[in-house]
Each structure stands twice: as C-alpha cells, then as structure tokens.
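Structural overview
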Amino acid sequence: MNNLRPAESEASLLLIDGKLVPGSGGVFATHNPATEAVLGYAANATAADMDGAITAARRAFDESDWSRDHGFRARCIRQLRDALVAHTDELREITIAEVGAPAMLTGGPQLEGPIADLGFAADLAETYSWETDLGVAEPMGIRTRRTLRREAVGVVGAITPWNFPHQINLAKLGPALAAGNTVVLKPAPDTPWCAALVGKVIAEETDIPPGVVNIVTSDDHRLGAQLAEDPRVDLVSFTGSTPTGKAVMVAAAASLKKVFLELGGKSAFIVLDDADVASACSVAAFSVCVHAGQGCALSTRLLVPRSRYDEALEATARTLRSIRAGDPSKPGTVCGPVISKKQRDRVERYVGLARAEGGTIVCGGGRPAGLEQGHFFEPTLITDVSNSSTVAQEEIFGPVLVLLPYEDDADAIAIANDSPYGLSGSVWGSDPQRVKKVVDGVRTGTLSVNGGVWYSADVPFGGYKQSGIGREMGVAGFEEYLETKLIASAG
Ligand code: NAD
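Cut-offs applied
- The residue numbering used here restarts from 1 in each chain and proceeds along that chain's sequence as written.
- Reporting of local features is limited, given that this is a predicted model, to residues whose pLDDT is at least 70; pairs of side-chain atoms are given and counted only at 80 or more, and all residues count toward the totals for whole chains, interfaces and linings.
- Based on all heavy atoms of the structure, the side-chain values leave hydrogens and waters out of the count.
- The cut-offs for exposure are 20% and 50% of the maximum accessible area for each residue type, with area from a 1.4 Å probe on protein chains only; residues under the lower value are buried, those over the upper are exposed, and the others partly exposed.
- For the purposes of this entry, the term helix denotes a DSSP run of H or I that reaches at least four residues, the term strand denotes a run of E that reaches at least two, and both are numbered from the N terminus.
- DSSP calls a pair of strands paired once it identifies at least 2 bridges connecting them.
- By the criterion used throughout, a crossover qualifies as right-handed when its path from the first strand across the helix to the second strand runs clockwise, the strands pointing away from the viewer.
- To estimate the expected span of a helix, subtract one from its residue number and multiply by 1.5 Å.
- Domain ranges listed in this record stem from an automatic or a database domain assignment.
- Should any heavy atoms of two residues lie within 4.5 Å, those residues are counted as being in contact.
- For any pair of parts, buried area is found by adding up, for both, the accessible area (1.4 Å probe) each one loses once the two are put together.
- We define a salt bridge as a side-chain nitrogen of Lys or Arg found within 4 Å of a carboxyl oxygen belonging to Asp or Glu.
- Under the rule applied, a polar contact is a pair of N or O atoms within 3.5 Å (in protein, one hydrogen donor and one hydrogen acceptor; residues adjacent in sequence only if both atoms are side-chain atoms).

Moving on: the pairing of strand β12 (residues 267-271). Burial analysis of β12 places five of its five residues in the buried class, the great majority of the element. Here β12 shows two buried faces, one formed by Ser267, Phe269 and Val271 and the other by Ala268 and Ile270. In terms of strand pairing, β12 meets strand β13 (residues 299-305) through four bridges, oriented parallel. When the bridges of β13 are listed, Ala268 appears paired with Arg301. Crossover handedness for the path β12 to helix α9 (residues 277-289) to β13: right-handed. The sheet contact formed by β12 and strand β18 (residues 425-428) spans four bridges and is parallel. Counterpart to Phe269 in the pairing with β18 is Ser426.

For helix α6 (residues 192-205), which comprises 14 residues, the first-to-last C-alpha distance of 20 Å matches the rise-based estimate of 20 Å (1.5 Å per residue) to within 8%. For α6, the tally of buried residues reaches ten of 14 residues, placing the bulk of the element in the interior. Among the residues of α6, Pro192, Trp193, Cys194, Ala195, Ala196, Leu197, Val198, Gly199, Val201 and Ile202 are the ones counted as buried.

This paragraph deals with the domain arrangement of the protein chain. Here the protein chain is described as being made up of domain 1 (14-263 + 468-490) and domain 2 (267-455). For domain 1 versus domain 2, the separation of C-alpha centres amounts to 31 Å. Each partner contributes to the interface: domain 1 provides 27 residues, whereas domain 2 provides 28 residues. Where domain 1 abuts domain 2, roughly 2000 Å² becomes buried across the two surfaces, and 63% of that area is made up of carbon and sulfur atoms. Among the residues domain 1 hides against domain 2, the three largest losses belong to Pro33, Glu36 and Trp162. Together they make up 25% of the total. Counting every contact that joins domain 1 to domain 2 gives zero salt bridges. The tally of links from domain 1 across to domain 2 stands at six residue pairs in polar contact (both at pLDDT 80 or more). Broken down by secondary-structure element, the contributors of at least two residues to the side of domain 1 that touches domain 2 are α3 (88-99) and α4 (112-127). It is α3 that provides the largest number of residues to the side of domain 1 that touches domain 2, a total of three residues.

Another aspect to go through is the pattern of salt bridges. Throughout the structure, instances matching the rule amount to 27 salt bridges. Here Asp65 ties to Arg68 by a salt bridge, and the two come within 3.3 Å at their closest N and O atoms. Here Asp65 falls in the partly exposed class, since its relative accessible area comes to 49%. Taking relative accessible area as the criterion, Arg68 reaches 54% and is therefore assigned exposed. In this structure, a network of salt bridges that share partners links the residues Glu131, Arg149, Glu151 and Lys485.

Now the structure itself:
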C-alpha cells in the first residue's frame with residue numbers, strides 16, 4: 001500500500017474555487033474496513049468551508065461562459081477521464097483499502113466503469129439538441145416562432161454515500177458538468193479519499209475552471225444539510241438512504257429547489273416454477289454477497305414457488321455456505337467487509353430481529369470464524385419469516401438474503417410490490433409470456449430478466465416509490481440537470 005499516507009501532515013485536501021486547501025476543522029481519520037486500521041487523514045471541512053465552496057460554484061456559474069461553451073466542457077470532461085485513467089492504479093489501491101471493495105469490482109462499477117462512462121457525458125455535451133424549433137403558431141392571433149431551449153439548472157449540490165463512491169460521484173459530476181452546471185460535491189465521511197483524489201486530479205491535471213467543481217470532505221453530516229438548504233444551490237442530487245433523502249427534500253423545500261433522489265431498495269428476485277430453480281437461486285445467493293451486500297440495487301428478497309421450495313432452499317444455502325467473507329484485495333474475493341462497525345452492528349441487529357420474529361437462520365448470521373479484525377459478516381440466509389417481517393421490509397445492507405415462498409405468479413408479483421421500495425429486481429423463467437406478465441406487474445425502476453445486465457452509461461437508473469425521484473445516467477439522467485426555457489418571438 002505504497003500510496004497510502006497514514007500521517008496527519010499528509011491529509012487529503014478540499015477543492016474550493018480551483019485551489020486545494022486544508023479544512024478549517026482540521027483533519028479526520030479514514031479507516032480500512034478490512035483491518036480497522038487508520039489508513040490516513042482527510043481535510044475536515046466546516047460550515048465556513050462549505051459556504052466558500054457554494055460561493056465559488058455560484059460565481060463560476062453566474063460569471064463565466066462555462067454553461068454556454070459546450071465544446072469546452074466536453075474537452076474538460078474527456079481530460080478528466082484520461083487523467084483518472086492515468087491514476088487507475090492509485091485509485092484502485094485507495095478504493096480497495098477505503099471502501100473495502102473487492103478488487104474484482106474495481107475493473108467494473110467500483111472504478112474503471114464510471115471513469116470510462118465520463119466519455120458518454122462528454123459526448124452528450126457535444127451532441128445534445130440544446131435547441132428545438134417548435135415552429136410558428138398564432139396563439140391569440142399573434143404570429144410567433146417558438147424555440148425550446150434546454151439550459152443548465154445552475155449550482156448542483158451533490159451528496160453521495162460510501163458504497164460505490166466513484167460510481168456515484170462520477171455519475172453525478174459527469175452529467176452535471178456536461179449539462180453546464182457547476183458542482184459542490186459532499187462525499188460520505190467514510191470514503192473521503194476516493195473523492196479527494198478526484199479533486200486533486202481536477203485541480204492539477206485538467207482545465208476545469210476554478211469554482212466549477214468543489215469537493216468538500218467532512219465528518220459532519222450537517223454539511224450535507226447545509227448544501228441542501230442553501231438558496232444559492234439550484235438542485236440537490238442526492239444518493240443515500242431513504243430517511244436521509246426525506247430530510248434532504250425537506251431542507252430543499254425552503255428554497256423550492258429541484259431534488260433528485262437515488263435511495264434505498266429491497267428488491268425481489270422472482271424465480272418462476274418453469275425456471276432452472278437451483279441455478280437461479282445460486283445466482284441470487286451469489287449476488288447478495290457481492291460487496292458484502294452493500295448495493296442499493298441488489299435483490300435481497302428471494303421469491304420462490306412453494307412447490308419448489310425445498311430445492312430452492314438447498315441450492316441457496318449451498319451457494320451462501322460456499323462464499324467466504326475475506327480480504328477484498330485478493331483477486332477471488334466477492335464478499336469483503338461491510339464499511340464500519342456501525343454497519344456491522346446494524347446487520348447483526350437485523351439478524352437478531354429475524355430470530356425474534358420467529359425466523360430461522362439457515363446459515364451465517366454472525367462474524368466469520370478466524371477474522372477477528374475487520375468488519376466482516378457471514379453470508380446469511382433467513383427463512384420462516386413473512387414478507388411483512390422487519391427483515392423483509394427494511395434495507396439491511398449486508399450479505400443477508402430472505403427466502404420467501406409464493407403460491408402463484410400473481411402472488412409473486414403482489415409480494416414483490418408489497419414493499420415501500422421499488423428500485424430493482426430480477427425475474428427468472430422460461431416462458432416469455434409469463435415472464436412478461438411479471439415484468440409488467442412489478443413496480444420497480446430496473447428489472448433483470450434471466451440474468452440480463454442493465455448497468456451501462458446509456459441506461460437510466462432509479463427507483464419507484466420510496467426508492468427515489470428521477471434517474472441517474474443515460475440521457476434521462478443528463479436531463480435531470482437541465483432547465484427548460486421557451487422563447488416566443490413575434491413576427
Ligand atoms: P446516508 O443516507 O446515511 O448518507 C448519504 C450521504 O448523505 C452522506 O454523504 C451523508 O454525509 C449525507 N447526509 C447525512 N445526513 C444528511 C442530512 N440530514 N442532509 C444532507 N445530507 C446528509 O447513506 P449511506 O449510509 O452513506 O449509504 C447507504 C444508503 O445509500 C443505502 O440506503 C443505499 O441503498 C443507498 N444507495 C442508493 C443508491 C441508488 O442509486 N439508489 C446507490 C447507492 C447507495
């Protein structure tokens with residue numbers, strides 16, 4: 001770990017108004033969740049630093065050509081992509097160490113995927129139809145040419161979680177900048193380095209003008225609330241838990257700013273009775289262990305036909321028992337640690353609740369033997385609870401799967417929809433007509449059919465119900481960062 005810097009004097013810096021600066025609040029420690037050791041330190045911003053960042057972003061938006069020069073923005077975003085590619089090794093090392101992300105995921109959505117996806121955002125800045133001619137009409141007898149123009153919203157406050165920091169930070173920065181906005185990014189306190197290194201690259205290796213991107217690390221969640229509240233911010237782009245998303249919406253309401261919320265999930269993996277049940281259940285079990293279950297879109301409820309329950313139980317438990325939580329830096333590790341002691345305590349609490357509600361812990365349920373250091377948790381299967389139980393209704397965010405039997409396809413759809421969330425899910429079956437009926441019935445933002453992969457720069461991602469408002473990525477994600485201006489010219 002040559003690049004890691006466990007000294008306060010080597011703390012990462014804030015990016016405010018084009019300059020890399022220390023935090024007024026000193027520094028705070030960032031930890032390695034696989035060892036619990038202090039990795040190093042990050043600048044600890046205060047409310048005054050956040051105020052400076054918002055001031056800089058506002059000035060850069062109001063007083064520069066950034067929002068109008070589409071070609072320049074495309075060039076800057078490609079420059080950022082290329083600079084991040086050149087730093088891939090350093091970023092990979094930090095991502096594994098700070099996030100506990102399995103190394104294998106850094107070749108995809110934990111690092112290299114989102115860096116490459118900046119190219120999609122850059123292309124949009126150049127190719128998007130910023131103006132549309134709506135033609136001439138004569139409303140109220142006045143001959144008028146109508147031109148529809150899309151423009152940047154203004155200053156974007158981006159607030160992000162720790163589970164896929166590069167994916168989420170860059171999936172906000174890329175489209176927000178491509179659309180012509182300026183940004184204040186407040187990353188999660190658990191993963192400040194992932195964001196701070198992007199800030200350093202922006203300051204030192206790109207032509208992105210001062211104030212266009214500001215990155216404010218802090219151990220104080222209230223800086224997120226400050227960003228959501230400040231009337232100089234035009235849009236809050238938030239990814240995180242549903243309760244925090246609600247608080248962000250309330251804070252943003254005072255100045256009636258746009259909110260774009262990517263929140264939690266409790267997605268259903270539906271196995272129809274004409275599927276290869278054992279194979280499908282193995283896929284479901286494997287998936288819930290990826291990054292120790294810390295993915296908002298992972299399917300954490302496995303719905304199987306009651307007629308095939310024993311077979312499903314056997315296959316699911318076999319796969320979960322075969323996956324060992326372990327060192328994320330090893331190439332074969334799928335299930336690393338959860339991010340913190342707080343998060344592992346939360347997972348343990350939910351397993352206790354399952355027991356209290358009459359559930360059976362078929363496998364896992366605790367800390368893996370022989371791993372005394374690190375926030376590891378065993379892949380866990382819970383059965384004998386109903387869909388109304390706490391563990392089937394609430395997001396756990398650990399490698400925990402709840403197995404639920406259903407009676408027929410309609411019952412499977414009803415159980416899948418009996419959730420406050422609607423983020424993602426999966427359907428497995430061999431009859432396309434039956435699969436289609438289930439796809440039509442499930443109220444969720446993305447659905448995988450027989451293992452199809454929806455994650456891609458051009459695909460919008462987001463939730464129904466309490467999983468969020470709006471879409472990230474794709475053209476729809478880019479358009480979240482745009483306003484609409486209609487120009488009506490007489491004559
Ligand atoms: P969190 O809600 O605790 O924190 C997210 C961010 O909000 C952090 O930066 C935090 O500092 C900030 N914050 C905390 N309180 C705030 C407040 N009152 N006002 C403004 N900002 C505040 O979430 P987390 O624990 O960091 O991340 C895990 C959650 O994120 C899970 O619920 C997961 O499902 C969700 N998530 C959703 C998606 C998605 O795309 N839908 C993606 C990843 C994670």
